[in-house]
Amino acid sequence: QIPPPPPLPPVLFVAVDIDIKPGSEPNSINCGNAKEVITVAILTTDDFDATTVDHTTVTFEGASETHVDKRTGEPRRHEEDVDYDGDTDLVFHFRLGDTILTCDSTEATITGATFDGFAIQGTDAVRMID
């Protein structure tokens, strides 16, 4: 008798829709400019409310939000409807030099957690230009 297959592992994260450099296509990044600030939005969809993300947990390719409260050092929260669909998205800003992106990168990933403790992850394409 063949034993049953093992149970599937639990989902490790909630997949979220993101938009790197909202409003631009392709998402071109000057890989020679370490000071370039990359805007990344976590989008609210029918399946996910971006405002449930704890902005203090979010990183983008190893970098943290560049805009911080000068008194506390905590990342600032930016809520905006970046895709003009009538709901609120969560917007972040990361300095290229703080990321692990290289001139050979073709995609980039944001990670974090919701206020309820669920891990989130989203990936979008990038076009690195020199």
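Structure: above.
Everything quoted here is computed from the prediction, not taken from an experiment.

Conventions we followed
Residues numbered from 1 in each chain as written. Predicted model: local features only at pLDDT ≥ 70, side-chain atom pairs only at ≥ 80, totals over all residues. Heavy atoms only, no water. Pairing = 2+ DSSP bridges. Helix = DSSP H or I, 4+ residues; strand = E, 2+ residues; numbered from the N terminus. Phe/Tyr/Trp six-rings, centres within 6.5 Å; stacked < 30°, edge-to-face > 60°. Buried < 20%, exposed > 50% of the residue type's maximum accessible area, 1.4 Å probe, protein only. Axes fitted to C-alpha atoms, helices over the stretch in contact; angles between N-to-C directions. Disulfide = S-S within 2.5 Å. Patch = residues over 30% accessible without salt bridge, like charges linked within 9 Å, V, L, I, M, F, W, Y side chains within 5 Å. Areas by Shrake-Rupley, 256 points an atom, 1.4 Å probe, with all protein chains shown as cover. Salt bridge = Lys/Arg side-chain N within 4 Å of Asp/Glu carboxyl O. Lys, Arg positive; Asp, Glu negative; His and termini not counted. Charge placed at Lys NZ, Arg CZ, Asp CG, Glu CD.

Some words on the sheet that holds strand β5 (residues 53-60)
Phase 1 of the analysis: On the basis of which strands lie adjacent, the open sheet formed by 4 strands has the order β1-β9-β8-β5 and mixed pairing. Only two strands of the sheet have a single partner each, and these edge strands are β1 (14-15) and β5.
Phase 2 of the analysis: In terms of strand pairing, strand β8 (residues 107-114) meets strand β9 (residues 119-125) through 7 bridges, oriented antiparallel. Note that in β9 the partner of I110 across the bridge is G122.

Some points on the packing of aromatic side chains
Here a ring pair, both rings aromatic, is described through the centre-centre distance and the interplanar angle of the planes.
Phase 1 of the analysis: All chains considered together, the criterion is met by 2 aromatic pairs.
Phase 2 of the analysis: A ring pair is formed by F92 and F94, whose centres lie 6.0 Å apart and whose planes are at 20°; its orientation type is stacked.
Phase 3 of the analysis: For F92, a relative accessible area of 1% gives the class buried.
Phase 4 of the analysis: Looking at F94, the relative accessible area reads 0%, which means it is buried.
Phase 5 of the analysis: Three or more aromatic residues joined by ring pairs make a cluster, and in this case those are F60, F92 and F94.

So, the sheet that holds strand β6 (residues 78-80)
Phase 1 of the analysis: Spatial strand order, β2-β4-β7-β6: 4 strands in an open sheet with antiparallel pairing. In this open sheet, the two edge strands, each paired with only one partner strand, are β2 (18-20) and β6. Within this sheet the neighbouring strands show an average axis-to-axis angle of 30°, counted without direction.
Phase 2 of the analysis: In this sheet, strand β7 (residues 89-95) lies alongside strand β4 (residues 37-42) in antiparallel orientation, the contact comprising 6 bridges.

Quick look at the state of the cysteines
Phase 1 of the analysis: Evaluation of the coordinates by the stated rule reveals 1 disulfide.
Phase 2 of the analysis: Between the sulfur atoms of C31 and its disulfide mate C103 the distance is 2.1 Å. Negative torsions about the S-S bond denote left-handed disulfides, and the value of about 100° found for C31 with C103 makes this one right-handed. With a gap of 72 residues between them, C31 in the loop between β3 (28-30) and β4 and C103 in the loop between β7 and β8 connect regions that are remote in the sequence.
Phase 3 of the analysis: Classification of C31 by relative accessible area gives buried; the value is 17%.
Phase 4 of the analysis: Looking at C103, the relative accessible area reads 40%, which means it is partly exposed.

Remarks on a negative patch on the surface
Phase 1 of the analysis: The grouping of D17, D46, D47 and D85 at the surface amounts to a negative patch.
Phase 2 of the analysis: Mapped onto the elements of the fold, D46 is located in the loop between β4 and β5.

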